[in-house]
Amino acid sequence: MRTVSKTVMTPAPKPLGNVGQGEMNFWVNFIALLPGTILTILIILIAFLRFYDQTDFTLLGYLANPRDWSNRCTVAAIVVAMVGFGIEWNRRNQETDRLVAEEYRRIEEEQRRTEEEQRRAKQEQRRIEEEQRRIKREEQATRRARIEAERDLALLNHLIDPSDRNRAILTQVRDLIQE
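Residues numbered from 1 in each chain as written. Predicted model: local features only at pLDDT ≥ 70, side-chain atom pairs only at ≥ 80, totals over all residues. Heavy atoms only, no water.

Some remarks on the environment of Ile169
Within the secondary structure, Ile169 is located in helix α3 (residues 164-178). For Ile169, a relative accessible area of 32% gives the class partly exposed. Along the primary structure Ile169 and Ala154 are separated by 15 residues, whereas in three dimensions their C-alpha atoms are 6.4 Å apart. (Helix = DSSP H or I, 4+ residues; strand = E, 2+ residues; numbered from the N terminus. Buried < 20%, exposed > 50% of the residue type's maximum accessible area, 1.4 Å probe, protein only.)

Take a look at the structure:
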């Protein structure tokens, strides 16, 4: 809104050539009705000019040659029929284009959804693999700690009591570590 004076408010003018979609559809629909209506009127006029004469309607006396006017109306009716055909052809092409674009958008959306699902599945797979690696590392660390504890215990037992039995246990632990 722009202010004209301090007390009067007027709406801002619409820019020319910027017709809204609703207004455009109204006029397109209105114009689409014209060929059929005009064609009907021309056919009635052709029949009127062909089948009636001045004795039936005195109005026909004002025309110099009703047959020529009938021929002109026939040509005009053919032109209007072609215009109507063109408008219908255009409407159907637009509808087909709209359906194709809608199908294309649907396919793209489906592809995006599929790609997103694949991306999520890959992330989940990576997460699972990382979890498995972590568990494996923990198991290896636990096993290594257990082996080291057995080694330390066997060494202490051998140092305390250097018997053949403790020497055999120490040898088994050493062999286990070398594996």
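From this point, things continue past the structure.
Brief notes about the packing of aromatic side chains
Where two aromatic rings form a pair, the distance of their centres and the angle of their planes describe that pair. Taken as a whole, this structure holds three aromatic pairs when the rule is applied. With a centroid separation of 5.9 Å and an interplanar angle of 90°, the aromatic rings of Trp27 and Phe30 are classed as edge-to-face. Separated by three residues within a single helix, Trp27 and Phe30 lie in helix α1 (residues 21-51), roughly one turn from each other. Judged by its relative accessible area of 39%, Phe30 falls in the partly exposed class. A ring pair is formed by Phe85 and Trp89, whose centres lie 5.7 Å apart and whose planes are at 45°; its orientation type is tilted. Linking Phe85 with Trp89, this pair stays in helix α2 (residues 66-160), spanning four residues, or about one helical turn. (Phe/Tyr/Trp six-rings, centres within 6.5 Å; stacked < 30°, edge-to-face > 60°.)

Thoughts on the environment of Arg151
One can find Arg151 in helix α2. The exposure class of Arg151 is partly exposed, given its relative accessible area of 35%. Considered as a pair, Arg151 and Thr171 are 20 residues apart in the sequence and their alpha carbons are 9.5 Å apart. Setting aside anything within four residues of it in sequence, one finds Arg151 in contact with Leu170, Val173 and Ile177. (Contact = heavy atoms within 4.5 Å.)

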